[in-house]
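Coordinate inspection notes
Each chain, written out:
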Amino acid sequence: MGQEYLFEIRGPLPSQLRSQADEFADLISEVQSRKQLPRLWKLADRVQAIPKPDSKTLEKRRRNRTVLGVVNLLLALFGLGPALIAPETLLSVLLIGAFCLVIGIAALWKRHRVLLAVLLIPAGIFYGGAGLGGGGELLFVFGAGLLLAAAAALLPRGRRRKQRAEKVGTILFDARSSMGDGDRIYLRFTEQGMQVFTAEGPSKEQDESLPYDSFLGILETEDLLLIARETQGFLLAKSELKTGTFSNLKAELSAKTLWITKEKGV
């Protein structure tokens, strides 16, 4: 490491950074997953390294995927009803309809769940009613299945994940909030590791560096860093870096320990 890097922790962080602290929940999960499945993550990193298309190309692909999903879903909804009434004679239509149904639901599930439900509910009511009216048990089961899929699409998403993220963010933020206005804690990154000390300077106990191989990783959001170890974590604002540049710090530490960045808007 060509130079030392010093952070000065000055107490509570600005409240506008609170939402970024919540983002560390996903990054901590990724760290734990990387530790358990290193080969799988090595493959994932190779895939991530492939250059991505620009935003206009991605938006065009998403739009095409949505149109493809709607078309496949409509083909399935119109074709499967007759095929279920006479499955022996319309077996090929049944198989093609089932394939289109899977493709349609998969294409709309992630980003267009409300649209998916809007298409499934009328079809589910129609086929369910037709099945009860003498169309046969298969038609009724098909209609009920469409209604169940629509209900699943409308369920609130990510509630437990959001609660966990808020809990992690609260813990990290509360640790900083317990510091007084005049309190200062310093983190110094050197070739040997990280030192933690107060304004009086390192004590004998603090003089020894925490080696980088004892880190679980360094997690980064737009404005924050979390130094993660097995039994402790240090939440830092990038603006608290007093010596050296952040780009150089990242380049040097990412060569010594795992560094995970939360991409903006992801």
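Residues numbered from 1 in each chain as written. Predicted model: local features only at pLDDT ≥ 70, side-chain atom pairs only at ≥ 80, totals over all residues. Heavy atoms only, no water.

**Details of helix H5 (residues 91-109)**
Owing to its 3.6 residues per turn, the α-helix brings residues three or four apart onto one side. Convention followed: Put simply, DSSP marks the helices as runs of H or I at least four residues long and the strands as runs of E at least two long, and each gets a number from the N terminus on. Given a helix with a known number of residues, its expected span is that number minus one, times 1.5 Å. Every residue pair with non-hydrogen atoms within 4.5 Å of one another is taken to be in contact.
Here H5 spans 27 Å end to end across 19 residues, near enough to the 27 Å set by a 1.5 Å rise per residue. Summarising the contacts, the buried residues of H5 are in contact with helix H4 (55-85), helix H6 (113-135) and helix H7 (137-154).

**A closer look at the pairing of strand S1 (residues 5-9)**
As a general feature of sheets, a regular strand has side chains that alternate between the two faces. Formally: Burial here depends on accessible area, computed with a 1.4 Å probe over protein chains only, as a share of the maximum for the residue type. Under 20% is buried, over 50% is exposed, and the range in between is partly exposed. A pair of strands counts as paired when DSSP detects no fewer than two bridges linking them.
Within S1, four of the five residues are buried, which leaves the element mostly enclosed by the surrounding structure. Sheet analysis places S1 next to strand S2 (residues 185-189), joined by five bridges and oriented antiparallel. Paired with Phe7 across the two strands is Leu187, which belongs to S2. In this structure, S1 lies alongside strand S7 (residues 241-243), joined through two bridges in antiparallel fashion. The partner of Phe7 across the bridge, within S7, is Leu241.

**Notes on the pattern of salt bridges**
Note the following rule: For this document, the term salt bridge refers to a Lys or Arg side-chain nitrogen within 4 Å of an Asp or Glu carboxyl oxygen.
According to the stated counting rule, one finds seven salt bridges in the structure shown. In this structure, Arg188 and Glu4 form a salt bridge, with 3.6 Å as the shortest nitrogen-oxygen distance. Here Arg188, found in strand S2, pairs with Glu4, found in the segment before S1; they are 184 residues apart in sequence, far enough to count as distant. Looking at Arg188, the relative accessible area reads 23%, which means it is partly exposed. Since its relative accessible area comes to 43%, Glu4 is described here as partly exposed. A salt bridge links Glu220 to Lys238; its shortest N-O distance comes to 2.7 Å. In this pair, Glu220 is assigned in strand S4 (residues 215-220) and Lys238 in the loop between strand S6 (233-237) and S7, connecting sequence segments 18 residues apart. One network of salt bridges, with partners in common, ties together Glu8, Arg10 and Arg184.

**Considerations on the nonpolar core**
Heads up, the rule is: Among the buried residues, those of types Ala, Val, Leu, Ile, Met, Phe, Trp, Tyr and Cys that are joined through side-chain atoms within 4.5 Å form a nonpolar core.
Within the largest apolar cluster, 21 residues are counted, with the highest numbers of intra-cluster contacts made by Leu73, Leu77, Leu101, Leu120, Phe142 and Leu146. Secondary-structure elements contributing two or more residues to this core are H4, H5, H6 and H7. If we ignore the near neighbours within four places in the chain, the residues touching Leu77 are Leu119, Leu120, Ala123, Tyr127, Phe142 and Leu146. In terms of nonpolar packing, the next biggest core, distinct from the first, is built from 20 residues, Met179, Val196, Leu241 and Trp259 among them.

**Observations concerning the environment of Leu258**
Inspection of the secondary structure puts Leu258 in the loop between helix H10 (246-253) and strand S8 (259-261). Not counting residues within four places of it along the chain, the set of residues in contact with Leu258 comprises Val31, Arg34, Leu216, Gly217 and Ile218.

**Some points on the environment of Leu116**
Along the chain, Leu116 turns up in helix H6. Spatially, the C-alpha atoms of Leu116 and Ala153 are 7.2 Å apart, while their sequence positions differ by 37 residues. The contacts of Leu116, once residues within four sequence positions are left out, are Leu73, Ile105, Leu108, Trp109 and Ala153.

**What about the packing of aromatic side chains?**
Selection rule: Ring geometry is summarised as follows: Phe, Tyr and Trp rings, the Trp one being its six-membered ring, pair when their centres sit within 6.5 Å, and such pairs are stacked at plane angles under 30 degrees, edge-to-face over 60 and tilted between the two.
Tallied over the full model, the rule gives six aromatic pairs. Ring geometry for Phe7 and Phe189: centres 5.9 Å apart, planes at 80 degrees, overall edge-to-face. Of the two residues, Phe7 sits in strand S1 while Phe189 sits in strand S2, which places them 182 residues apart along the sequence. Overall, the relative accessible area of 0% leaves Phe7 in the buried class. Consider the rings of Tyr186 and Phe197, whose centres lie 5.7 Å apart with planes at 20 degrees: the pair is stacked. With Tyr186 in strand S2 and Phe197 in strand S3 (residues 194-198), this residue pair connects regions lying eleven residues apart in the sequence. In terms of burial, Tyr186 and Phe197 fall into one category: buried. One aromatic cluster is present, built from ring pairs that chain together Phe126, Tyr127 and Phe142.

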